[in-house]
Amino acid sequence: LTACVDLLSSKHELVLPHVAGVLRNLTVIDAYQIKIVQDGALAPLIALMSNPDDDIAEQAVTTIRNLSANPSLDVKLVMDGVVPPLVNLLRSPNPAVQEQAIVAVRNLSINPKNKVRIVKEG
């Protein structure tokens, strides 16, 4: 997983949607979610959500959506700054990106600790 996480910071734009897609696929498995975050994927995924390429942004936000469903990670996601880029993606002209962003916000809002922060930041 470390190699994939390292590739999230690649300067080669063609690599980014693929590596984010690999992590998206892996994050549907609970056992990998915490490992992916522990390996440092969160900051680059948050950055990729602001990428102007819709495919890259969609892969990144879908990965965040998958992570946001894990109750062990939801507070960390919010504390690490995932809410502002999610709110920005709610305004995306791409409906698929909007859908992933709103599901992630919904997942994060289930935890009462996150609700105030979501309202403040979004």
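Because the structure is predicted, anything quoted here is derived from the model rather than measured. (Residues numbered from 1 in each chain as written. Predicted model: local features only at pLDDT ≥ 70, side-chain atom pairs only at ≥ 80, totals over all residues. Heavy atoms only, no water.)

**With respect to the overall build of the protein chain**
Tallying secondary structure elements over the protein chain gives nine helices and zero strands in all. Listing each helix as α and each strand as β along the protein chain from the N terminus yields α-α-α-α-α-α-α-α-α. In terms of C-alpha radius of gyration, the protein chain reaches 13 Å, essentially the compact-globule figure of 14 Å for 122 residues. Its C-alpha atoms give the protein chain principal-axis dimensions of about 35 × 35 × 20 Å. A burial count over the protein chain gives 46% of its 122 residues as buried. (Helix = DSSP H or I, 4+ residues; strand = E, 2+ residues; numbered from the N terminus. Rg over C-alpha atoms; globule rule 2.2 N^0.38 Å. Buried < 20%, exposed > 50% of the residue type's maximum accessible area, 1.4 Å probe, protein only.)

**So, the packing of helix 5 (residues 54–68) against helix 8 (residues 95–109)**
Interhelical geometry of helix 5 versus helix 8 gives an angle of 20 degrees and a closest axis separation of 9 Å. Relative to helix 8, the element helix 5 lies roughly parallel. Every pair of crossing elements has a handedness; the one defined by helix 5 and helix 8 is left-handed. The segment helix 5 lies against helix 8, with Asp-54, Glu-58, Val-61, Thr-62, Arg-65 and Ser-68 engaging Ala-96, Val-97, Gln-100, Ala-101, Val-103, Ala-104, Asn-107 and Leu-108. Taken together, the residues of the contact of helix 5 with helix 8 break down into seven nonpolar, four polar and three charged. (Axes fitted to C-alpha atoms, helices over the stretch in contact; angles between N-to-C directions. Parallel < 35°, antiparallel > 145°, perpendicular 65-115°, else oblique. Left-handed = near helix turned anticlockwise from the far one by under 90°. Contact = heavy atoms within 4.5 Å. Nonpolar A, V, L, I, M, F, W, Y, C, P; charged D, E, K, R; others polar.)

**Details of the side chain of Asn-66**
With respect to the element layout, Asn-66 can be found in helix 5. On the accessibility criterion, Asn-66 (8% relative accessible area) is buried. Polar contacts involving the side chain of Asn-66 include one to the side chain of Thr-27, which spans 2.9 Å. (Polar contact = N/O pair within 3.5 Å; in protein donor to acceptor, adjacent residues only side chain to side chain.)

**Focus: helix 3 (residues 30–38)**
Residues Gln-33, Ile-36 and Val-37 constitute the buried set of helix 3. The arc that holds the buried residues of helix 3, viewed along the axis, is 95 degrees, so those residues lie on one side. Projecting away from the buried face of helix 3 at angles above 90 degrees are the exposed residues Ala-31 and Gln-38. The secondary structure elements touched by the buried residues of helix 3 are helix 1 (2–7), helix 2 (16–26), helix 4 (42–48), helix 5 and helix 6 (74–79). Positive phi appears at Gly-40, one or two residues downstream of helix 3, with a value of about 95 degrees. (Arc of directions from axis to C-beta.)

**Digging into the packing of helix 2 against helix 5**
Between helix 2 and helix 5, the least distance of the axes is 8 Å, while the angle of their chain directions is 20 degrees. By the criterion of interaxial angle, the relationship of helix 2 to helix 5 is roughly parallel. Classified by chirality, the crossing of helix 5 by helix 2 is left-handed. Mapping the contact onto sequence places Leu-16, Pro-17, Ala-20, Gly-21, Leu-23 and Arg-24 in helix 2 and Asp-55, Ile-56, Gln-59, Ala-60, Thr-62, Thr-63 and Asn-66 in helix 5. Taken together, the residues of the contact of helix 2 with helix 5 sort by class into six nonpolar, five polar and two charged.

**Some thoughts on the pattern of salt bridges**
Counted by the stated rule, this structure contains three salt bridges. Between Asp-39 and Lys-35 there is a salt bridge, with the nearest N and O atoms lying 3.0 Å from each other. Among the residues examined, Lys-35 registers a relative accessible area of 38% and is labelled partly exposed. Between Glu-121 and Arg-117 there is a salt bridge whose closest N-O contact spans 2.5 Å. Of this pair, Glu-121 and Arg-117 both sit in helix 9 (residues 112–121), four residues apart, which is roughly one turn of that helix. Relative accessible area serves as the criterion here: at 29%, Arg-117 is assigned to the partly exposed category. (Salt bridge = Lys/Arg side-chain N within 4 Å of Asp/Glu carboxyl O.)

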